Amino acid sequence: MTGMRTALRALAATAATLLAATALSPAAQARPEPRAPGEFVALHSVDPTIIQDMRYTTAHNFLGERVDGYRQPVCILTRPAARALHLAQRRLLRQGYSLKVYDCYRPQRAVDHFVRWAKDLGDQSTKAEFYPRVDKDRLFADGYIAEKSGHSRGSTVDLTLVRLPAAPARPQVPDEGPTPCFAPQDERFPDNSVDMGTGYDCFDTLSHTDDPRIQGAQRANRQLLKRTLAEAGFANLPEEWWHFTFRPEPFPDTYFDFPVHRRSVAGH
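Residues numbered from 1 in each chain as written. Predicted model: local features only at pLDDT ≥ 70, side-chain atom pairs only at ≥ 80, totals over all residues. Heavy atoms only, no water.

Caption draft 1: Layout of the overall build of the protein. What the protein contains, in helices and strands, is seven helices and seven strands. Looking at the 268 residues of the protein, the share that counts as buried comes to 46%. Sequence separation of 24 or more characterises 74% of the internal contacts of the protein that already satisfy a separation of 6 or more. (Helix = DSSP H or I, 4+ residues; strand = E, 2+ residues; numbered from the N terminus. Buried < 20%, exposed > 50% of the residue type's maximum accessible area, 1.4 Å probe, protein only. Contact = heavy atoms within 4.5 Å.)

As structure tokens, this is what we get:
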């Protein structure tokens, strides 16, 4: 009988060990990714004519690498913001232009990636193109990087204009020599958009929408974009000609962290 009790205690101890190991295993700890609320949609499902050039799924951005949380090159927005872009696109198509989006909803984990990059003062690999006249230790103080972004609320979009018919936009070539984002259009990274005076995500005061140094066709292009989006319900961020937020925002106080992936809005 004593032998039986000893054997049972051994079996119980073994079972407890196995349960503990299972509880601590990565598979057991894995949690499903959060999904977007039903008010979010893929822009393509609302307007498939808007061009998408999702820069943070590529290495051609100010971090120099794919950004955390960007799993697929898909623009996700709240439904009211997507519908408003559709209205703006209809007006622009009649004038021979198309919208092109660079970034839409942005997960909080991506913003956290921005913050980590900005604090790493030893990484200056993209300075020559994206912030040639700004010291990296000034990016927070000057407002170029912040710990929260309106993009994470789902109704903010970064975008530009493309003259139709759209020429193909080529990808970045590895080891291609960078040129400043405010260089003349034919010298900076080739983009099939109209000339806005700077490239996208140019950390420079020339990116201010109404900077008086921007004149002629460049100024007219910025004003066309700003005016058309304002008529559709978007407000421009004065420091960035490409940055617009739909008002009123459905989620003015919520910063989401679901990944940028079609699965996040599947069935919406």
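So, next bit.
Caption draft 2: Spotlight on the packing of helix H4 (residues 79–93) against helix H7 (residues 216–231). Where H4 contacts H7, the axes come no closer than 8 Å and their chain directions differ by 130 degrees. Between H4 and H7, the angle falls in the class oblique. When you trace H4 past H7, the crossing you get is right-handed. Residues Leu-85, Ala-88, Arg-91 and Leu-92 of H4 form the contact with H7, whose own contacting residues are Leu-224, Thr-228, Leu-229 and Glu-231. Here the residues of the contact of H4 with H7 sort into five nonpolar, one polar and two charged. (Axes fitted to C-alpha atoms, helices over the stretch in contact; angles between N-to-C directions. Parallel < 35°, antiparallel > 145°, perpendicular 65-115°, else oblique. Left-handed = near helix turned anticlockwise from the far one by under 90°. Nonpolar A, V, L, I, M, F, W, Y, C, P; charged D, E, K, R; others polar.)

Caption draft 3: Quick look at the pattern of salt bridges. Tallied over the entire structure, the rule returns 16 salt bridges. Among the ionic pairs, Asp-191 bridges to Lys-100, the shortest N-O distance being 2.7 Å. Taken together, the positions of Asp-191 in the loop between strand S5 (156–163) and H7 and Lys-100 in strand S4 (residues 97–103) put the pair 91 residues apart, joining distant regions of the chain. (Salt bridge = Lys/Arg side-chain N within 4 Å of Asp/Glu carboxyl O.)

Caption draft 4: Spatial organisation of the packing of aromatic side chains. Evaluated as defined, the whole model comprises 21 aromatic pairs. Arranged with centres 5.1 Å apart and planes meeting at 80 degrees, the rings of Phe-40 and Phe-256 form a pair that is edge-to-face. With Phe-40 in strand S1 (residues 40–42) and Phe-256 in the segment after strand S7 (243–246), the pair connects residues that are 216 residues apart, well separated along the chain. With relative accessibility at 0%, the residue Phe-40 sits in the buried group. Between the aromatic rings of Tyr-56 and Phe-62, the centroid separation amounts to 6.2 Å while the plane-to-plane angle is 90 degrees, which identifies the pairing as edge-to-face. Comparing Tyr-56 with Phe-62, the two get one shared label, buried. Here the aromatic cluster, defined as three or more aromatic residues joined through ring pairs, consists of Tyr-56, Phe-62, Tyr-70, Tyr-102, Phe-114, Trp-117, Tyr-131, Tyr-144, Tyr-200, Phe-203, Trp-241 and Trp-242. Across the ring face of Phe-182, the terminal group of Arg-133 is positioned such that the distance to the ring centre comes to 3.9 Å. Positioned above the aromatic ring of Trp-117 is the side chain of Lys-136, whose terminal nitrogen or guanidinium carbon lies 4.0 Å from the ring centre. (Phe/Tyr/Trp six-rings, centres within 6.5 Å; stacked < 30°, edge-to-face > 60°. Lys NZ or Arg CZ within 6 Å of the ring centre and 35° of its normal.)

Caption draft 5: Quick look at the state of the cysteines. For the coordinates displayed, the defined rule picks out two disulfides. Each disulfide pairs two cysteine sulfurs, and for Cys-75 the partner residue is Cys-104, the sulfurs being separated by 2.0 Å. Across the disulfide from Cys-75 to Cys-104, rotation about the S-S bond amounts to roughly -105 degrees, and the bridge is consequently left-handed. Of this pair, Cys-75 sits in the loop between strand S2 (51–52) and strand S3 (76–78) while Cys-104 sits in the loop between S4 and helix H5 (108–119), and the two are 29 residues apart along the sequence. Here the two residues Cys-75 and Cys-104 agree in accessibility, since each one is buried. If the cysteines joined by disulfides in the protein are listed in sequence order, their pairing comes out as 1-2, 3-4. (Disulfide = S-S within 2.5 Å.)

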